[in-house]
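Fold and geometry: a report
Take a look at the letters that make up each chain.
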Amino acid sequence: MTTTTPPAPLAPLEELAYAHRPSQLTVLADLVQTLSDVPAVTQLLVRDSPATGTADRLSDVDLVVAVRDERLLALMGSLDAVMSTEFGTLLPGWRDTIVGDLGGAGFVYLLPHDGHLLQLDLYLCPDSKVDALRRRIGPRLLWQETPTDAGPCPDAGARVETAAELARTAAAPATCSTLLVQAMVLHAMLRKRVLRGQEYIAYGLLHQLHETCRDVIRTALVPHSRHHGWYHLPDEVGRTTIGRECLAELTDALSGPPVPTVAQADQALERILRLTGRVAPHAVAALSDEVTAYRAYQYQEGPA
């Protein structure tokens, strides 16, 4: 856990405000310090509750990272290593499918912080599109490179190539391993919304968890399926004994309450982990340390 010492001297009211400021600001400051040293990064912007001063203990850190177009793909490839090494994130980044298309790519990380898992939302935006992004969502600028640091403007070819590669990676089919990471990230989001009493958002996230359960079953048992969503699922998956057993588990999941308790949210994740262990044991084995650490933080509210 990161701690900081308040600057001295502070007036009594300033001391009180400092003592009760959201702990996420420490993480945000560390992110800015680390990412501003990356030569590919041109701007750092914060959005949502940290930008409006409405953050609480469960709020996530939502950072937009503007990156030179020609270097964005390379940074995407090294982002997991940077976040794990510099910040100790618990899981590989999940390619965010909830955030709107702002011209780049969003990733969600879970960071052990202050006794719980803090959600880090990082949106990598090509520098050529950051002005349009700022007009659309109005984030607050935290850092910008000085004019002497700026490199040459990317040519049209680099911009087109980056946009095409972003589209290709977004359309790439999920694997059982990436779906397992997705399940844990969605579960963390769901737990937070249940604890806050945000029933509508919790309903939507539970539905996404059910979809993740479905996708794990289909990806493992019918990897070359041409179908999407819920169509043809019984016909494709129900041809084998293990497939019918998985569908029975999925049916049981869908019969639960539309807005879960925390315990029911935990059961939904455990069902996915159990099913993945049956149909894609290699995915669970590859992420065994991450799954163990995630359970420790979520179910015991701190590391074991």
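No experiment lies behind these values; they were computed from the predicted model shown.

Section: the packing of helix H11 (residues 262–279) against helix H13 (residues 288–300)
- Orientation of H11 relative to H13, taken along the N-to-C sense of each, is 170°, at an axis distance of 13 Å. When the interaxial angle is binned, H11 and H13 end up roughly antiparallel. Seen from H11, the contacting residues are Asp266, Leu269, Glu270 and Leu273; seen from H13, they are Val291, Tyr294, Arg295 and Tyr299.
- Here the residues of the contact of H11 with H13 sort into five nonpolar, no polar and three charged.

Overview of the pattern of salt bridges
- Using the criterion set out here, one finds eleven salt bridges in the structure.
- Residue Asp215 is joined to Arg214 by a salt bridge in which the shortest nitrogen-to-oxygen separation is 2.9 Å.
- A residue is classified by how much of its surface remains accessible, and Asp215, at 22% relative accessible area, is partly exposed.
- Among the residues examined, Arg214 registers a relative accessible area of 7% and is labelled buried.
- The residue Arg295 makes a salt bridge to Glu270 at a minimum N-O spacing of 2.7 Å. Linking Arg295 in helix H13 with Glu270 in helix H11, this pair joins segments that are 25 residues apart in sequence.
- Judged by its relative accessible area of 22%, Glu270 is partly exposed.
- Sharing partners across several salt bridges, the network here consists of Glu249, Asp252, Arg271 and Arg274.

Regarding the sheet that holds strand E1 (residues 41–46)
- Ordered by their spatial adjacency, six strands build an open sheet running E3-E4-E5-E2-E1-E6, and the pairing between neighbours is mixed. Each having just a single partner strand, strand E3 (94–95) and strand E6 (140–144) make up the two edges of the open sheet.
- In this structure, E3 lies alongside strand E4 (residues 105–113), joined through two bridges in antiparallel fashion. Counted as the bridge partner of Arg95 is Phe107 from E4.

Regarding the side chain of Asp69
- Positionally, Asp69 belongs in the loop between strand E2 (61–67) and helix H4 (72–87).
- We note that Asp69 is buried and unpaired, the nearest opposite charge coming from Arg159 at a distance of 5.3 Å.
- One polar contact links the side chain of Asp69 to the main-chain amide nitrogen of Asp127, over a distance of 3.3 Å.

Thoughts on the confidence of the model for the protein
- Chain-level statistics for the protein give a pLDDT mean of 89 and a share of 86% at 70 or above.
- Averaged pLDDT values over the elements of the protein bottom out at 54 in helix H1 (residues 12–19) and peak at 98 in helix H8 (residues 199–221).

A few points about the environment of Ala40
- Note on placement: Ala40 falls in the loop between helix H2 (24–35) and E1.
- For Ala40, a relative accessible area of 7% translates into the label buried.
- Separated by 27 residues in sequence, Ala40 and Val67 have C-alpha atoms that sit 5.5 Å apart.
- Setting aside its immediate chain neighbours within four residues, Ala40 contacts Ala66, Val67, Arg68 and Arg71.

As for the packing of aromatic side chains
- The final tally for this structure, using the stated rule, is zero aromatic pairs.
- If you follow Arg214 out to its NZ or CZ, it ends over the ring of Trp230, 4.7 Å from the centre.

Reading the values: rules and limits
- Residues numbered from 1 in each chain as written.
- Predicted model: local features only at pLDDT ≥ 70, side-chain atom pairs only at ≥ 80, totals over all residues.
- Heavy atoms only, no water.
- Axes fitted to C-alpha atoms, helices over the stretch in contact; angles between N-to-C directions.
- Helix = DSSP H or I, 4+ residues; strand = E, 2+ residues; numbered from the N terminus.
- Parallel < 35°, antiparallel > 145°, perpendicular 65-115°, else oblique.
- Contact = heavy atoms within 4.5 Å.
- Nonpolar A, V, L, I, M, F, W, Y, C, P; charged D, E, K, R; others polar.
- Salt bridge = Lys/Arg side-chain N within 4 Å of Asp/Glu carboxyl O.
- Buried < 20%, exposed > 50% of the residue type's maximum accessible area, 1.4 Å probe, protein only.
- Pairing = 2+ DSSP bridges.
- Lys, Arg positive; Asp, Glu negative; His and termini not counted.
- Polar contact = N/O pair within 3.5 Å; in protein donor to acceptor, adjacent residues only side chain to side chain.
- pLDDT = per-residue confidence, 0-100.
- Phe/Tyr/Trp six-rings, centres within 6.5 Å; stacked < 30°, edge-to-face > 60°.
- Lys NZ or Arg CZ within 6 Å of the ring centre and 35° of its normal.

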